[in-house]
Amino acid sequence: MAKSFYASDEDVALRAPADFALLCPRDQKIAAGLDGSFAAADLWTLRSSSRNFAAMGVAPGHVVQILNPAPQFKPPGESFAVESVSGTSVTLRRKGQEAGKGQPPVLSGGLSAVEFLILTLDPQIERACVEFDRRFGLSADGSDSLLDPRDVREAIVLSVLHGQYLAMSRNLGGENGDTFASKALAMKVELDELLARLVVQTRSGDGSSSRFSTRLTR
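A quick note: this is a predicted structure, and the numbers were derived from the prediction, not measured. Throughout this description, residue numbers start from 1 for each chain and increase along the sequence as written. A pLDDT threshold of at least 70 governs which residues receive local features in this predicted model, and a stricter bar of 80 or more applies before side-chain atom pairs are shown or counted, although totals over entire chains, interfaces and linings include all residues. As a convention, hydrogens and water are excluded, and side-chain values are obtained from all of the structure's heavy atoms.

Novice: Please explain the pairing of strand S4 (residues 78-86) as it appears in this structure.
Specialist: Note on strand geometry: in a regular strand, side chains alternate between the two faces of the sheet. Pairing between strands is defined by DSSP: at least two bridges between them are needed. Here a strand is any run of E in DSSP of at least two residues, a helix any run of H or I of at least four, and the numbering for each starts at the N terminus. As defined by bridge partners, strand S3 (residues 63-68) adjoins S4 across four bridges and the pair is classed as antiparallel. Looking across to S4, one finds that Gln65 is bridged to Ser79. Judged from the five bridges that link them, S4 and strand S5 (residues 89-93) form a sheet pairing that is antiparallel. In the strand pairing of S5, Val82 is matched with Leu92. Taken together, S4 and the strand that follows it, S5, pair antiparallel across an intervening segment of two residues, in which Gly87 is found at a positive phi of about 60°.

Novice: For this particular structure, what's the right way to read helix H4 (residues 149-172)?
Specialist: Given 3.6 residues per helical turn, the α-helix brings residues three or four places apart onto the same face. Compared with an ideal rise of 1.5 Å per residue, which puts 24 residues at 34 Å, H4 spans 34 Å between its outermost C-alpha atoms and is within 8% of the ideal. In this scheme, a residue with accessible area under 20% of its type's maximum is buried, one over 50% is exposed, and one in between is partly exposed, where area comes from a 1.4 Å probe on protein chains only. Among the residues of H4, Val152, Ala155, Ile156, Val157, Leu158, Val160, Leu161, His162, Gln164, Tyr165, Met168 and Ser169 are the ones counted as buried. Two residues form a contact once any of their heavy atoms are found within 4.5 Å. Looking at the buried residues of H4, the elements they touch are helix H1 (9-15), helix H2 (20-23), helix H3 (122-136) and helix H5 (174-202). Gly173 sits one or two positions beyond H4 and adopts a positive phi of about 65°. One less than the residue count of a helix, multiplied by 1.5 Å, gives the span that helix is expected to have.

Novice: Explain unusual backbone geometry to me, please; I cannot follow it from the model alone.
Specialist: One can expect most non-glycine residues to show negative phi and most peptide bonds to be in trans. Following Asn68, the chain continues to Pro69 via a peptide bond in cis, the omega torsion being 10°. Checked against the element boundaries, Pro69 lands in the loop between S3 and S4. Residue Pro76 is bonded to the preceding Pro75 through a cis peptide linkage, with omega at 5°. Unusually for a residue other than glycine, Ala113 sits at a positive phi of about 55°. Tracing the chain through its elements places Ala113 in strand S6 (residues 111-119).

Novice: In this structure, what is going on with the side chain of Gln124? I would like to understand it.
Specialist: Following the sequence through the fold, Gln124 ends up in helix H3. Look past the residues within four positions of Gln124 in its chain and what remains in contact with it is Pro25, Gln28, Val160 and Gln164.

Novice: Would you mind showing me how to read the layout of surface pockets here?
Specialist: Unoccupied space between atoms shows up once a probe the size of one water molecule is rolled over them. Buriedness of a pocket was judged along seven lines, with at least five required to meet protein on both sides within 12 Å; pockets are open sets of points on a 1 Å grid over the protein atoms alone, cavities are sets where a 1.4 Å probe fits but cannot get out, and lining residues have an atom within 4 Å of a point. Grid points are joined across faces, edges and corners, and a volume is the space filled by probe spheres set on the points. The computed volume of the largest pocket comes to approximately 280 Å³. Every residue lining the largest pocket is counted, 15 residues in all, and those nearest its centre are Ala128, Glu131, Ser159, Val160 and Leu191. Listing elements by their share of the lining of the largest pocket, those giving two or more residues are H3, H4 and H5. Sort the elements by how many residues they give to the lining of the largest pocket and H4 lands first, with seven residues.

Novice: Would you mind showing me how to read the sheet that holds S4 here?
Specialist: The strands making up a sheet associate through hydrogen bonds between their backbones, and the pairing can be parallel or antiparallel. Taken together, the six strands give a closed barrel; going around it, the order is S1-S2-S5-S4-S3-S6, and neighbouring strands pair in antiparallel fashion. Taking each pair of neighbouring strands and ignoring which way they run, the sheet shows an average axis angle of 45°. When strand S2 (residues 42-47) meets S5, the two strands line up antiparallel, connected through three bridges. Each bridged residue has a counterpart across the sheet, and for Thr45 the counterpart in S5 is Thr91. The convention used is that axes are lines fitted to C-alpha atoms, helices contributing only their stretch in contact, and that angles between N-to-C directions extend from 0 to 180 degrees.

Novice: Would you mind showing me how to read the environment of Phe180 here?
Specialist: On the secondary structure map, Phe180 appears in helix H5. For the pair Phe180 and Leu166, spaced 14 residues apart in sequence, the C-alpha separation works out to 6.6 Å. The residues contacting Phe180, other than those within four sequence positions of it, are Asp19, Leu22, Leu23, Tyr165, Met168, Ser169 and Leu172.

Novice: How should H5 be read in this particular structure?
Specialist: For H5, built from 29 residues, the straight-helix expectation of 42 Å at 1.5 Å per residue is met to within 8% by its first-to-last C-alpha distance of 41 Å. Listed in full, the buried residues belonging to H5 are Gly177, Phe180, Ala184, Met187, Leu191, Leu194, Leu195, Leu198 and Thr202. Structurally, H5 contributes buried residues whose contacts are with H1, H2, H3 and H4.

Novice: Help me understand the packing of aromatic side chains, please; the structure alone is not making it clear to me.
Specialist: Working definition: an aromatic ring pair is given by the centre-to-centre distance plus the angle between the planes. Here a Phe, Tyr or Trp ring, Trp counted by its six-membered ring, pairs with any other such ring whose centre lies within 6.5 Å, and the pair is stacked when the planes are under 30 degrees apart, edge-to-face when over 60, and tilted otherwise. All told, the structure shown has four aromatic pairs when counted by the stated rule. Members of the aromatic cluster, joined through ring pairs, are Tyr6, Phe132 and Phe136.

Novice: Whenever I open this one, the environment of Ala59 confuses me. Can you help?
Specialist: Among the secondary structure elements, Ala59 is positioned in the loop between S2 and S3. The buried category is assigned to Ala59, whose relative accessible area is 15%.

Novice: I tried to follow the environment of Gly110 on my own but got confused; where do I start?
Specialist: By the secondary structure assignment, Gly110 is in the loop between S5 and S6. You can call Gly110 buried: its relative accessible area is 17%. With 66 residues separating them along the chain, Gly110 and Trp44 place their C-alpha atoms 9.9 Å apart. Those residues within four positions of Gly110 in sequence are excluded, and the remaining contacts are Phe38, Ala39, Ala40 and Leu43.

In structure tokens, the structure reads:
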């Protein structure tokens with residue numbers, strides 16, 4: 001997972017696969033290039049001679065968009081989660097799947113001249129995590145909690161999606177804006193319902209929400 005957050009880009013992409021690339025601000029680019037390649041002996045590892053992925057901050061949990069060449073990657077391309085990073089290479093996997101499970105990006109023979117793009121919502125995810133910590137009285141190091149980590153992850157994802165859909169609706173306006181506004185409202189409804197349940201879960205006998213027992217990990 002990128003940094004030490006409760007959720008990652010991969011989690012957001014799993015929740016909104018059709019919109020993830022649209023919701024990521026273009027100026028939150030981690031890496032991009034046209035010289036990607038996959039070796040025949042390792043069809044899951046993307047390599048680049050011009051991009052040092054590790055130095056540029058690519059980390060597990062980030063999402064790599066493979067855009068070209070066609071016809072291997074038809075528009076709008078395919079997205080993969082980052083499993084591991086080592087210098088100028090990044091090992092990929094199918095989103096939400098274990099490493100090596102499913103069809104690799106390239107079936108056989110390797111591939112060169114691969115266009116790749118890595119955008120991130122790390123700043124938005126970090127802000128949502130900070131707000132969540134404050135709401136539920138968690139410390140920055142992930143204090144003990146009664147909360148189910150899956151619920152926490154979902155709350156962060158919904159919060160990020162609500163904010164990004166709302167921002168897109170204001171930027172686009174018109175019919176497209178209305179579509180994103182509707183999605184923003186749907187995310188807000190889900191988020192409010194989830195947060196209400198989490199407040200109940202964290203109440204102790206004296207009504208406090210600051211006592212915890214199951215450790216939350218990021």
